[in-house]
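# Results of the structural survey
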Amino acid sequence: MLSKRNPQLNKHGELIHLLSIEGLPRAVIEQILDTAGSFLSVNDREVKKVPLLRGKSVFNLFFENSTRTRTTFEIAAKRLSADVINLDIARSSTAKGETLLDTVANLSAMHADMFVVRHSESGAPHLIAQHCAPHVHVVNAGDGRHAHPTQGLLDMYTIRHFKKDFRNLTVAIVGDIVHSRVARSDIHALNVLGVPEIRAVGPKTLVPGDLRDMGVRVCHDMAEGVKGADVVIMLRLQNERMNGGMLPSSGEFFKHFGLTPEKLALAKPDAIVMHPGPINRGVEIASEVADGKSSVILPQVTFGIAVRMAVMAILAGNEA
Amino acid sequence: MSELLLDAEALYLELKKGVQKLMTPDTALVGIWSGGAWLAERLAADLGLASGTISSALHRDDFGSRGLVKADHTTLPFDVNGRDILLIDDVLYTGRTTRAVINELFDFGRPARVQLAVLVDRGGRELPIEPAFSAARVTLGPDQKLRLAQGEDRRLKFEVK
């Protein structure tokens, strides 16, 4: 039974679906981060596999392409000993006219235990969670502009790993905030974990003033946005934004909001630079910064697998 | 059960004697989280042995019903391959935790030998597992829980619920 209050939690307050960071209690977020810590060391073992999901089938349902996210979920599920089935839905059933719920009903009949869902429509994973069999768990791997909770959680894991404590931090998120599900998930998580200053940095077209309602400080000037920051999260500038007339050109964006060594020098000396990837060198981030000593972009990828293992292991152990 | 039987500090001295008889030049102690880990750490310091901590969390057979249990992760700061491993636990009961940590141990390599020494054997085994040494044997009802606790002064004591 899905609880009316929060469809992600069962009546004991345990996580049964991961749809969004919004509405997750701090204790659940911390449980995921703590569990990810124990899975990180599995990579150092002679046997890089644990049997928690042995005999379970995880279906990767990617209605929108994302090779990287799908691969990290696949690796995470396989390290937990699950059977992983990748479905390139965009090119199969949907193209033949099957509805989302019919696709899910068919896959449930194939005895799926978990769906990892990426969809261009906000709310699609939520809809699936409401209609799938009670034993099936749903993980949102990115839906429209809404949420990308595992990216948000791996960002929190990365910040905690390098900064230890959230309570004194200034975190700047730079770029296309308004269209970014990553930014949305990060902002929710940073608020729950008690970060006192969250800045949304970018041009007015991509960082509108009403973002203040989410508890962030809006900065339309990069120097103001980065100054004194402990963490700088750069977002990928999506090409379609330029085509849509929201930005004059990528060169213009880089000039004002691209992270160069000079702009990074305004942040704290021990600031870390994060990016959800894939990075566009020379568009939102200079190569010297992406490859520099402040960059933790590759550790983010490693942590991402441990965080996705943690999410899947926690879900599989909880009953609806 | 008498007071004497529950004196964890006295039993620790017995356990230390037992471990001394079992140890070889290749012995490494592996304490089962959490009570066994305290014991192994203390034994390692007292006897000059290598030691690590092991958690059953990733190999438990009740994952399907209990979900993921919160536990510290396994830390084995030595090469497991070819090592003479002596598992240390506070209380041995069904043997299911021992089975899980043996699986966990083999994820790190192939030890030459694995033995088990415990503070208290309370019987009730559900698997063919026997300790090489136990400092005490007690009989408890299936609804009773016995666990080791560590005070702020690091002194050990048993809690019965």
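Residues numbered from 1 in each chain as written. Chains lettered and ligands numbered in written order. Predicted model: local features only at pLDDT ≥ 70, side-chain atom pairs only at ≥ 80, totals over all residues.

### Observations concerning the overall build of chain B
Applied cut-off: A run of H or I in DSSP becomes a helix once it reaches four residues, and a run of E becomes a strand once it reaches two; helices and strands are each numbered from the N terminus. The size measure is the radius of gyration over C-alpha atoms, and the globule rule it meets is 2.2 Å times the number of residues to the 0.38 power. Burial in this document is a count-based property: other C-beta atoms within 10 Å of a residue's C-beta are tallied, and the residue is buried at 20 or more, exposed at 12 or fewer, or partly exposed in between, with C-beta positions derived from the backbone. Contact between two residues is assigned when their C-beta atoms, built from the backbone, lie within 7 Å.
A tally of helices and strands in chain B yields four helices and seven strands. Listed N to C, the secondary structure of chain B is α-β-α-β-α-β-α-β-β-β-β in terms of helices and strands. Taken over the C-alpha trace, chain B has a radius of gyration of 15 Å; the compact-globule value for 161 residues is 15 Å, and the two agree within 12%. In terms of principal-axis extent, the alpha carbons of chain B reach across some 40 × 40 × 30 Å. Among the 161 residues that make up chain B, the fraction classed as buried is 40%. Sequence-distant contacts in chain B: of pairs separated by 6 or more residues, those separated by 24 or more amount to 66%.

### Side note on the packing of helix H5 (residues 149-163) of chain A against helix H6 (residues 181-192) of chain A
Residue and element names in this part refer to chain A. We count it as follows: Interaxial angle, 0 to 180 degrees, is taken between N-to-C directions of lines fitted to C-alpha atoms, where a helix line uses only the stretch in contact. Relative orientations are named as follows: roughly parallel for angles under 35 degrees, roughly antiparallel for angles over 145 degrees, roughly perpendicular for angles from 65 to 115 degrees, and oblique for any other angle. Put simply, a crossing is left-handed when the front helix is turned counterclockwise from the back one by less than a right angle, and right-handed when it is turned clockwise. When residues are grouped by polarity, Ala, Val, Leu, Ile, Met, Phe, Trp, Tyr, Cys and Pro land in nonpolar, Asp, Glu, Lys and Arg in charged, and all others, Gly among them, in polar.
As a packed pair, H5 and H6 sit with axes 8 Å apart at the nearest point and diverge in direction by 50°. Taken together, the axis directions place H5 and H6 in an arrangement best described as oblique. Note that H5 runs across H6; the crossing there is right-handed. Seen from H5, the contacting residues are Pro-149, Gln-151, Gly-152, Leu-153, Asp-155 and Met-156; seen from H6, they are Val-182, Ser-185, Asp-186, His-188 and Ala-189. When grouped by side-chain class, the residues that make up the contact of H5 with H6 number five nonpolar, four polar and two charged.

### Re the interface of chain A and chain B
Contacts between the two partners involve 14 residues from chain A, matched on the other side by nine residues from chain B. Counting only elements with at least two residues in the side of chain A that touches chain B, the list comes to helix H1 (26-40) and helix H12 (297-317) of chain A.

### As for the sheet that holds strand S4 (residues 113-121) of chain B
Residue and element names in this part refer to chain B. Put simply, the rule reads: When DSSP finds at least two bridges between two strands, those strands are taken to pair.
In space, the five strands of this open sheet follow the order S2-S1-S3-S4-S5, with parallel pairing throughout. For this open sheet the edge positions go to strand S2 (50-54) and strand S5 (133-137), each flanked by a neighbour on one side alone. On average, each strand axis in the sheet is inclined to that of its neighbour by 25°, with strand direction left out of account. The pairing of S4 with S5 spans four bridges and is classified as parallel. Looking at the pairing, Val-118 lines up with Ser-134 of S5. Running at roughly 150° to strand S3 (residues 84-92), helix H4 (residues 96-106) makes contact with strand S1 (27-32), S2, S3 and S4 of the sheet.

### Focus: the sheet that holds strand S4 (residues 137-143) of chain A
Residue and element names in this part refer to chain A. Pairing within the open sheet is parallel, and its four strands lie in the order S2-S1-S3-S4. The open sheet is flanked by strand S2 (83-87) and S4, the only strands paired with a single partner. Mean inter-strand twist for the sheet, computed between neighbouring axes without regard to direction, equals 15°. Bridging between strand S1 (residues 57-62) and strand S3 (residues 114-119) involves five bridges; their strand directions are parallel. Within the sheet, the bridge partner assigned to Phe-59 lies in S3 and is Phe-115.

### Describing the confidence of the model for chain B
All names here are of chain B. Filter applied, for reference: Each residue carries a pLDDT score, the predictor's own confidence in it, on a scale running from 0 to 100.
Residue-level pLDDT values for chain B average 92, and 96% of them are 70 or greater. Ranking the elements of chain B by mean pLDDT puts helix H3 (residues 63-66) last, at 84, and S1 first, at 98. Across the assembled chains, the prediction reports ipTM 0.78 with pTM 0.89.

### Re unusual backbone geometry
Here the amide bond leading from Gly-277 of chain A into Pro-278 of chain A is cis, since omega sits at -5°, within 30 degrees of zero. Within the secondary structure layout, Pro-278 of chain A lies in the loop between strand S9 (272-274) and helix H11 (287-290). Note the cis peptide between Trp-33 of chain B and Ser-34 of chain B, where omega equals 5°.

### A word on H1 of chain A
Test applied: The span one expects for a helix is its residue count, reduced by one, times 1.5 Å.
Over its 15 residues, H1 of chain A runs 21 Å from end to end, which matches the ideal 21 Å to within 8%, given 1.5 Å per residue. Looking only at H1 of chain A, the buried set comprises Ile-29, Ile-32, Leu-33, Thr-35, Ala-36, Ser-38 and Phe-39 of chain A.

### Focus: the pairing of strand S6 (residues 146-150) of chain B
Sheet analysis places S6 of chain B next to strand S7 (residues 156-160) of chain B, joined by five bridges and oriented antiparallel. If you follow Leu-148 of chain B over to S7 of chain B, its bridge partner there is Phe-158 of chain B.

### A short note on the environment of Arg-155 of chain B
Looking at the secondary structure, you find Arg-155 of chain B in the loop between S6 and S7. Measuring from C-alpha to C-alpha, the distance between Arg-155 of chain B and Glu-9 of chain B comes to 7.1 Å, with 146 residues separating the pair along the chain.

### Some remarks on the packing of helix H2 (residues 67-79) of chain A against H12 of chain A
Axis angle and axis distance: for two packed helices, these are the angle between their axes and the distance between the axes, and together they describe the pair. Residues and elements named next belong to chain A. Running from N to C, H2 and H12 point in directions that differ by 60°, and their axes come no closer than 8 Å. Classified by the angle between their axes, H2 and H12 sit oblique to one another. The interaxial crossing formed by H2 with H12 has right-handed handedness. In this structure, H2 contributes Thr-72, Phe-73, Ile-75, Ala-76, Ala-77 and Arg-79 to the contact, and H12 contributes Gly-304, Ile-305, Arg-308, Met-309 and Met-312. The residue makeup of the contact of H2 with H12, split by class, is seven nonpolar, two polar and two charged.

### As for the nonpolar core
Stated formally: Here a nonpolar core is just a set of buried residues of the types Ala, Val, Leu, Ile, Met, Phe, Trp, Tyr and Cys, joined wherever their C-beta atoms sit within 7 Å.
With 104 residues, the main nonpolar core has Phe-115, Val-232 and Met-312 of chain A as its most contacted residues. Broken down by element, the residue count for this core peaks at 13 residues, all from H12 of chain A. Within the second largest apolar cluster, 39 residues are counted, among which are Leu-29, Leu-87, Leu-92 and Val-118 of chain B.

### Focus: the environment of Met-222 of chain A
Residues and elements named next belong to chain A. With respect to the helices and strands, Met-222 occurs in helix H7 (residues 222-226). Of the residues examined, Met-222 has 21 C-beta atoms within 10 Å and is grouped as buried. For the pair Met-222 and Leu-266, spaced 44 residues apart in sequence, the C-alpha separation works out to 9.7 Å.

### What to know about the environment of Ala-267 of chain A
Residues and elements named next belong to chain A. By secondary structure assignment, the location of Ala-267 is in the loop between helix H10 (261-264) and S9. Classification of Ala-267 as buried rests on a count of 22 C-beta atoms within 10 Å. With 95 residues separating them along the chain, Ala-267 and Ala-172 place their C-alpha atoms 9.6 Å apart. In this structure, Ala-267 is in contact with Val-226, Gly-228, Ala-229 and Val-232, ignoring residues within four places of it in sequence.

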